[in-house]
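The residues making up each chain are set out below.
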Amino acid sequence: MLYNISYKDLKIEREINELVGKPFSIFDNFKKGGIGSPKLFITRCSSAIYDLLHVNNSVKFCNIELRPKGIIIGFQSRLDVYALVIPYYKLVLFKPGNSITFHIDHHYISVDYSKNSKGVQKFIDKLELEKEKNTFYSPLDAY
């Protein structure tokens, strides 16, 4: 789900918290070694996100926040801030070459990351571990 979070809106905040959970506490943040990604360069994105990002000619960056039940990918377009909210059960990751793509339904964002970049690699590993812990697979799901 794509939200404009430039202004405080309790309805949108409630929807985001229902989808991916409330933000981690400061204690949990320290325990996990941080819940935010370094700045990531956006290389490709879905058409709806592309339309938002390409209204100005600046370099396109995003960051990712871990939540208990999903992630929030935040990016800025002009003066507005947008959030792509992805619950773990809908998150699909692809890692072609030096990029990683985050998919949900018809939205996706590809970011450039080098395996040499320790901060990014550490965060991606943490993200995959959280996704694995929070995505429940039952053998009955195959039927």
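The rules we used
Residues numbered from 1 in each chain as written. Predicted model: local features only at pLDDT ≥ 70, side-chain atom pairs only at ≥ 80, totals over all residues. Heavy atoms only, no water. Phe/Tyr/Trp six-rings, centres within 6.5 Å; stacked < 30°, edge-to-face > 60°. Helix = DSSP H or I, 4+ residues; strand = E, 2+ residues; numbered from the N terminus. Buried < 20%, exposed > 50% of the residue type's maximum accessible area, 1.4 Å probe, protein only. Lys NZ or Arg CZ within 6 Å of the ring centre and 35° of its normal. Pairing = 2+ DSSP bridges. Axes fitted to C-alpha atoms, helices over the stretch in contact; angles between N-to-C directions. Contact = heavy atoms within 4.5 Å. Patch = residues over 30% accessible without salt bridge, like charges linked within 9 Å, V, L, I, M, F, W, Y side chains within 5 Å. Areas by Shrake-Rupley, 256 points an atom, 1.4 Å probe, with all protein chains shown as cover. Salt bridge = Lys/Arg side-chain N within 4 Å of Asp/Glu carboxyl O.

Q: Can you break down the packing of aromatic side chains residue by residue, with the values?
A: Scanning the entire structure with this criterion turns up two aromatic pairs. On the basis of an interplanar angle of 65° and a centroid distance of 5.8 Å, the ring pair of F41 and F61 is categorised as edge-to-face. Of the two residues, F41 sits in strand β2 (residues 40-45) while F61 sits in strand β3 (residues 61-67), which places them 20 residues apart along the sequence. On the basis of relative accessible area, F41 is assigned to the partly exposed category, the value being 35%. Classification of F61 by relative accessible area gives partly exposed; the value is 35%. Note that K39 overlies the ring of F61, its terminal NZ or CZ placed 4.8 Å from the centroid.

Q: Which residues make up the sheet that holds strand β5 (residues 80-87), and what are the values?
A: The strand order across the open sheet formed by eight strands is β1-β5-β4-β3-β2-β8-β7-β6, and the pairing between neighbours is antiparallel. The open sheet terminates on both sides in strands that have one partner only, identified here as β1 (2-4) and β6 (92-94). For this sheet the average axis-to-axis angle between neighbouring strands, irrespective of direction, equals 35°. Of the strands in this sheet, β1, β3, β4 (70-77) and β5 are in contact with helix α1 (residues 10-20), which crosses β5 at around 30°. Where helix α4 (residues 118-134) meets the sheet, it contacts β2, β3, β4, β6 and β7 (99-104), and its direction lies at approximately 40° from that of β3.

Q: Help me get a handle on the pairing of β2, residues and values and all.
A: The pairing of β2 with β3 spans two bridges and is classified as antiparallel. By the bridge assignment, L40 is partnered in β3 with C62. With four bridges joining them, β2 and strand β8 (residues 107-112) adopt antiparallel strand pairing. Among the inter-strand pairings, R44 is bridged to a residue of β8, identified as S110.

Q: Please set out a nonpolar patch on the surface residue by residue, giving values where relevant.
A: A cluster of nonpolar side chains, contributed by F41, V59 and F61, occupies part of the molecular surface with about 260 Å² of accessible area. When you line up the elements, V59 lands in the loop between α3 (47-53) and β3. Taking the relative accessible area as the measure of exposure, V59 reaches 52% and is therefore exposed.

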